[in-house]
Protein chains: 2
Amino acid sequence: MGLIRSWVQSANAADCPFPLNNLPCGVFSLGEDEPRCGIAIGTFVLDVTGLEEEGLLTLDGAPLLGVPFWNEVMAAGPAVWHALRARLTALLAEGAAERAAVEPFLHPLSQVALHMPFLVSEYTDFYAGRHHATNVGTMFRGAENALPPNWLHIPIGYNGRASSVVVSGTDVRRPWGQVKGPDHPVPAFQPSRRFDIELELGAVVGTPSEGPVTVAEADAMIFGYVLLNDWSARDIQAWEYQPLGPFQAKATATTISPWIVMKAALEPFRTPTPAREVPLLPYLHEPGPMLYDIALEVALQPEGGTETVIARTNYAEMYYSAAQQLAHHTTSGCAMNTGDLLGSGTISGPTKDSRGSLLELSWGGKEPIAITGGTRSFIEDNDTLTLRGQCRGAGYTIGFGECVGKVIPALADPYAR
Amino acid sequence: MGLIRSWVQSANAADCPFPLNNLPCGVFSLGEDEPRCGIAIGTFVLDVTGLEEEGLLTLDGAPLLGVPFWNEVMAAGPAVWHALRARLTALLAEGAAERAAVEPFLHPLSQVALHMPFLVSEYTDFYAGRHHATNVGTMFRGAENALPPNWLHIPIGYNGRASSVVVSGTDVRRPWGQVKGPDHPVPAFQPSRRFDIELELGAVVGTPSEGPVTVAEADAMIFGYVLLNDWSARDIQAWEYQPLGPFQAKATATTISPWIVMKAALEPFRTPTPAREVPLLPYLHEPGPMLYDIALEVALQPEGGTETVIARTNYAEMYYSAAQQLAHHTTSGCAMNTGDLLGSGTISGPTKDSRGSLLELSWGGKEPIAITGGTRSFIEDNDTLTLRGQCRGAGYTIGFGECVGKVIPALADPYAR
């Protein structure tokens, strides 16, 4: 499939992240107005709440876009998702009869503020990148024990904190926490000195489930994907994570990109998970390709400085797909709900410059990386970190929109009121 | 303080769990009617939604009880909680002028169904019982390494799954999961054979927070407490929990008792945490006694058989209080919300018969315990497990209501549709 041409001319450029093939879902506001649901098209956002109000867009016979989040559409299921895309494609396609009626609902992206695109129900983070797990395991447990014994059998995951999830552009305050270095007899309470990113893709659950679901059913439940930065305080993590896993190290913030790229937009880019090193149990078998060919990069920009791209990788590097992760998540009978967010785990490639965290890039701080005008082991105050992702089709691009966060200094006294 | 006498005579019995001193918050329904908010008093539930509708109870100048959950009252804060208790005490006290107006809003507890008393926002489980951590650590890592190095410094916690929380009386289906015994070369996917309880107390967050809070502020945020059974599949847990903590082992169900006992009802029973074995960092210092003297027990009843009380312990056995846990939870800047639920961690005492899990009681299955008519290492199908808790005052009792769950057999094929 090639580019679907739109009467919105900016959407037809080969490198535009938001062609008619994409139609990602966000929430925007104009000036002091209340936030509304919008779809990115070219250099514009289309006010779909307005289209629904005007009767130009009807989904499922009931208003689903009267709230400033996409959860009602997500819960409505695949038939509604398909109908939404079909109607928007008809309204925006080159030669559409409704152009004059629709055009007033376009606003330049440069003039709107973007908000959280959905209400996060619960957040789960996984550990499903083979290279990342090997790198981190080597640093923490030695090369011999790098990969835990269960890793090739289970998409390892742990529950994160939904209240930590924020939209791109939100400043992230360096956290305080309890840390203990190997040379210190007792722990200290201080601002994190090893604050880091994790480059991930987030899968957004649309339709809920009650009991265990198959991988195919799990794939059908997923509404779409976002870029996700799982900010991590490595010094806090190292001291707290045994025996029950990361807790406060991961609770400061989790930044997502502002547009949910619907699964349908990614269909042409499906790609299989890599060959299994050991056979998976049947409940994790995939009925088809469940990863996507999404080129990813991480950029770091110091305050007032020049940006350096510090890593380039691809979502296809994952060992487990989001559908496998979601299927595993339900094995115990765990109910999944509309708005559940699943982080893929850090996406690192096989080469040094394809690692998705500073922990790996600087090898625990031992090998600081070069950036324009300096070096970095971990994030310094007022650094801005940006994740980007895109799929390249024949003559078009599917973009995710940037996932940006600036790390601002820790509070001088976290208990001062 | 002694018993506060009520014109509801059944509330004045010394062993009644719901005297006027208690006033716990629940949600009930009568026949096919919609669920409403209620307060337990004696052998009755008082329809406080009805009192609000009739103008007999006004909180904060706005209706807070028009929804079938207590979150709006919880979010309204301590002044409203105090006003609620003061008004209900006035309405229900012996000699109250409003008796005739209030009496129609009483329904026998035996005639109502009880529902989840609040909407769970997020669920966190802790690991804060010294005896439990030592017992489990000894079994898993040997007596030398029983207590992790961070345990005496951090109230260790991990995020659980809010969607797993159900109200007392809900059947719990034995989960399937991925397990691997030490003698097996590869894992298997099968129903859990080591399904267990964890006897805990749950703290319910009332007012939200944004940044780090002190222990005193954390205590002020807590609305009340429930009994909590953190059902745990030990065989799934053993294989999955390294390196990122328990996941599917804990996601099948988490049962809570149907009444939130407000903090005010527990005030007379405050008791300090035990002496510190090593000094805590200042951010965890307690301004006063933060535990409660709550006698707890666990009973097991096979299908058609006789109940055996298999453990008796006390919440005062904890090493960390809920206020300390909540304060630690916020150190990273993690936002806490109305309806967040914090499990205390398994409450085991120092003696064998005071252990709060079958894992400990049967020492990993090696020493099955005697019950009437048999023995148990772990839960068998159709066993009913009941948690109970009470505080004994001078001439009165503060009860929690039972926290009951029956374990029903695993699905024959979890993917059959």
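In this report, the structure presented in the accompanying data block is examined. (Residues numbered from 1 in each chain as written. Chains lettered and ligands numbered in written order. Predicted model: local features only at pLDDT ≥ 70, side-chain atom pairs only at ≥ 80, totals over all residues. Heavy atoms only, no water.)

### Regarding the overall build of chain A
Okay, so step 1: Scanning chain A from terminus to terminus reveals 10 helices and 27 strands.
Okay, so step 2: Whereas a compact globule of 417 residues would reach a radius of gyration of roughly 22 Å, chain A reaches 21 Å, a difference of no more than 12%.
Okay, so step 3: In terms of its C-alpha atoms, chain A occupies a principal-axis envelope of roughly 75 × 50 × 40 Å.
Okay, so step 4: Taken over 417 residues, chain A has a buried fraction of 61%.
Okay, so step 5: Contacts in chain A between residues at least 24 apart in sequence constitute 71% of all its contacts with a sequence separation of at least 6.
Okay, so step 6: Surface accessibility of chain A: about 14,200 Å² in total, with carbon and sulfur atoms responsible for 54%.
Okay, so step 7: Across chain A, the centroid of the 27 positively charged side chains sits 6 Å from that of the 44 negatively charged ones. (Helix = DSSP H or I, 4+ residues; strand = E, 2+ residues; numbered from the N terminus. Rg over C-alpha atoms; globule rule 2.2 N^0.38 Å. Buried < 20%, exposed > 50% of the residue type's maximum accessible area, 1.4 Å probe, protein only. Contact = heavy atoms within 4.5 Å. Areas by Shrake-Rupley, 256 points an atom, 1.4 Å probe, with all protein chains shown as cover. Lys, Arg positive; Asp, Glu negative; His and termini not counted. Charge placed at Lys NZ, Arg CZ, Asp CG, Glu CD.)

### Things to note about the pattern of salt bridges
For side chains of opposite charge, pairing can occur when their charged atoms come near one another.
Okay, so step 1: The tally for this structure, following the rule as stated, stands at 48 salt bridges over all chains.
Okay, so step 2: When the shortest N-O distance is used, the salt bridge between Glu-122 of chain A and Arg-161 of chain B registers 3.4 Å. Separated into two different chains, Glu-122 of chain A in the loop between strand S5 (112-115) and strand S6 (123-126) and Arg-161 of chain B in the loop between strand S7 (157-159) and strand S8 (165-167) make up a pair that spans both.
Okay, so step 3: Relative accessible area serves as the criterion here: at 7%, Glu-122 of chain A is assigned to the buried category. (Salt bridge = Lys/Arg side-chain N within 4 Å of Asp/Glu carboxyl O.)

### Description of the relation of the copies chain A and chain B
The operation linking the two copies of the chain is a rotation about an axis combined with a translation along the axis.
Okay, so step 1: The two copies are related by a screw operation: chain A maps onto chain B through 180 degrees of rotation and 0.0 Å of translation along the axis, at an RMSD of 0.0 Å. The superposition of one copy onto the other is thereby described by a two-fold rotation axis. The rotation axis passes nearest to the C-alpha of Gly-245 of chain A in chain A, at a distance of 2.2 Å.
Okay, so step 2: Mapped onto chain B, 100% of the interface residues of chain A are again interface residues, and the two copies thus contact each other with one and the same surface. (Least-squares fit on C-alpha atoms with pLDDT ≥ 70 in both.)

### Observations regarding the interface of chain A and chain B
Okay, so step 1: On the side of chain B, 56 residues touch chain A, which itself brings 56 residues to the contact.
Okay, so step 2: Taking both partners together, chain A and chain B bury about 5,300 Å²; carbon and sulfur atoms supply 58% of that area.
Okay, so step 3: Looking at the side of chain A facing chain B, the largest losses of area belong to Arg-161, Leu-244 and Phe-247 of chain A, adding up to 16% of the total buried there.
Okay, so step 4: Close ionic contact of Glu-217 of chain A with Arg-417 of chain B constitutes a salt bridge, the shortest N to O distance being 2.8 Å.
Okay, so step 5: Connecting chain A to chain B are 31 residue pairs in polar contact (both at pLDDT 80 or more).
Okay, so step 6: Put simply, the parts of the chain that give the side of chain A that touches chain B at least two residues each are S6, strand S7 (157-159), strand S10 (176-179), strand S11 (188-191), helix H7 (234-240) and helix H9 (322-329) of chain A.
Okay, so step 7: The biggest single contributor to the side of chain A that touches chain B is S7 of chain A, with 3 residues.
Okay, so step 8: Taken together, the residues that form the side of chain A that touches chain B break down as 30 nonpolar, 19 polar and 7 charged. (Buried area = accessible area lost by both parts, 1.4 Å probe. Polar contact = N/O pair within 3.5 Å; in protein donor to acceptor, adjacent residues only side chain to side chain. Nonpolar A, V, L, I, M, F, W, Y, C, P; charged D, E, K, R; others polar.)

### Digging into the sheet that holds strand S1 (residues 25-30) of chain A
Residues and elements named next belong to chain A.
Okay, so step 1: Within the open sheet, the 5 strands sit side by side as S4-S3-S2-S1-S5. Their pairing is antiparallel. The open sheet has two edge strands, strand S4 (106-108) and S5, and neither has a second partner. Across the sheet, the axes of successive neighbouring strands diverge by a mean angle of 45 degrees, strand direction being ignored.
Okay, so step 2: By the bridge criterion, 4 bridges tie S1 to strand S2 (residues 36-41) in an arrangement that is antiparallel. Note that in S2 the partner of Val-27 across the bridge is Cys-37. (Pairing = 2+ DSSP bridges. Axes fitted to C-alpha atoms, helices over the stretch in contact; angles between N-to-C directions.)

### A few points about the pairing of strand S20 (residues 295-301) of chain B
All names here are of chain B.
Okay, so step 1: In terms of residue burial, S20 counts as a mostly covered element, since 5 of its 7 residues are buried.
Okay, so step 2: Across 6 bridges, the pairing between S20 and strand S21 (residues 308-314) is antiparallel. Directly across from Leu-296, in S21, lies its bridge partner Thr-313.
Okay, so step 3: Where S20 folds back onto S21 in an antiparallel hairpin, the turn is made up of 6 residues, including Gly-304, whose phi is positive at roughly 70 degrees.
Okay, so step 4: Bridge count between S20 and strand S25 (residues 384-393): 7 bridges; the pairing is antiparallel. Bridged to Leu-296 within S25 is Gly-389.

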